[in-house]
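Overview (structure and organization)
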Amino acid sequence: WMSNGDTSSKLHIDTDENFLTVINGYKDLVLISPKYSRDVYADEARMLGVSEVNVSAVDLHTFPRIANVRYMTAHLKAGDGLYLPQMWWHYVYSGPVRQQSVAMWWKSIPYQKGFAVKSVSTSRERTPEERAAENRNTSLARWLEEYIYWIDDLRPDLDARPACENQIQLMSDFQFETDKEEWRDELTDGEATTENPNADMDRFGSACYFDSKNPESPCWQRVCSGFTPGEKEVEEDEVRHEDDKDDEEMESLCIRYILDYCDKFEDRGCVIELPQYLNKKSDDAVVHLAKM
């Protein structure tokens, strides 16, 4: 990143891990856990993943819930580096001098829980009020919260906001896996080539991380992958343009199916995929998904 300085970003998330190093100039950052996604008004944004809250001049009248947010700040000088976890909200201000910085990006996926990649029925029913507020479960805030609860191994009905003295935790306290292509077979269920028909193929850019042993899994849905159990692979054009639907509509149908599936099952694929799919969706696209 290079600029003449005195620039700032919106409060936003990135779905990749990031190690930011300043070469020249300085940067001030604000970091906010995904646990506070509702309090930064993630679902009221014109584009999901980019909050409407102005960090440099917070309007508490328009955004009163922002007062609930616990945040961290960092000041980076030349030679300093900072790890920005994926899915974390962050705001970056670059000082009024020539700026040079380097960002190294990579993907990781949450570690498997005790039930590994197997899906289990969700243990907590959401209230009608919650469902209405989530616009038929297209809520980015919900899935960012589910992502961080998975990592913290907490349930949404528990108090996951730690006391200040417990907020400093080492990266080694958490478990992640690589998302490198050569490891994808091992990252599904260890039997990917026989049990998971999508393990060796891209589905909108990634392998299928859902529980392949669940017959309702998106791994088995033709609209998401072009595969159904016992069928041969079909041509990409036949899948993507089936019933004269274009690529964007096919992706929307896949996301809609995943949203409904994840409302029924706790599956690691949900916290891997849904933040990726919903990030940077426009408000019109969210309305379209909710109506499908």
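The structure we're discussing is the one just above.
In this report, we go over the structure that sits alongside the text. Starting from 1, residues in each chain are numbered consecutively following that chain's sequence as written. Local features are withheld for residues below a pLDDT of 70 in this predicted model, meaning they are given only at 70 or higher, and side-chain atom pairs are given and counted only at 80 or more; totals for whole chains, interfaces and linings count all residues. Side-chain numbers come from the whole structure's heavy atoms, not from hydrogens or water.

**Some points on the sheet that holds strand E4 (residues 26–32)**
Strands pair in a sheet through their backbones, by hydrogen bonds, and they do so in one of two ways: parallel or antiparallel. For clarity, the threshold we go by: A strand pair is defined by DSSP finding two or more bridges across the two strands. Secondary structure follows DSSP: runs of H or I at least 4 residues long count as helices, runs of E at least 2 residues long count as strands, and numbering of each begins at the N terminus.
The antiparallel open sheet is built from four strands, whose spatial order is E2-E7-E4-E5. A strand with exactly one partner marks an edge of an open sheet, and here the two such strands are strand E2 (7–8) and strand E5 (71–77). Sheet topology note: the E2/strand E7 (residues 89–94) ladder contains two bridges and is antiparallel. Residue Ser8 lies in a different strand from E7, and its bridge partner there is Tyr93.

**Here we look at the state of the cysteines**
Two cysteines form a disulfide when their sulfur atoms are joined by a covalent bond. Just so we agree on the cut-off: The disulfide definition used here is simple: a pair of cysteine sulfur atoms within 2.5 Å.
Counting across every chain of the model gives two disulfides. Across the disulfide, Cys224 is cross-linked to Cys254 (sulfur-sulfur distance 2.2 Å). Disulfide Cys224 to Cys254: torsion about the S-S bond roughly 110 degrees, handedness right-handed. Here Cys224, found in helix H5 (residues 222–225), pairs with Cys254, found in helix H7 (residues 247–264); they are 30 residues apart in sequence, far enough to count as distant.

**Some remarks on the pairing of E4**
Definition in use: Accessible area is worked out with a 1.4 Å probe on protein chains only. A residue is then buried under 20% of its type maximum, exposed over 50%, and partly exposed in between.
By the criterion of burial, E4 is predominantly enclosed, with five of the seven residues buried. Bridge count between E4 and E5: seven bridges; the pairing is antiparallel. From the neighbouring strand, Leu29 faces E5, where its bridge partner is Ala74. Summarising the sheet, E4 and E7 pair through six bridges and their orientation is antiparallel. Residue Val30 lies in a different strand from E7, and its bridge partner there is Tyr91.

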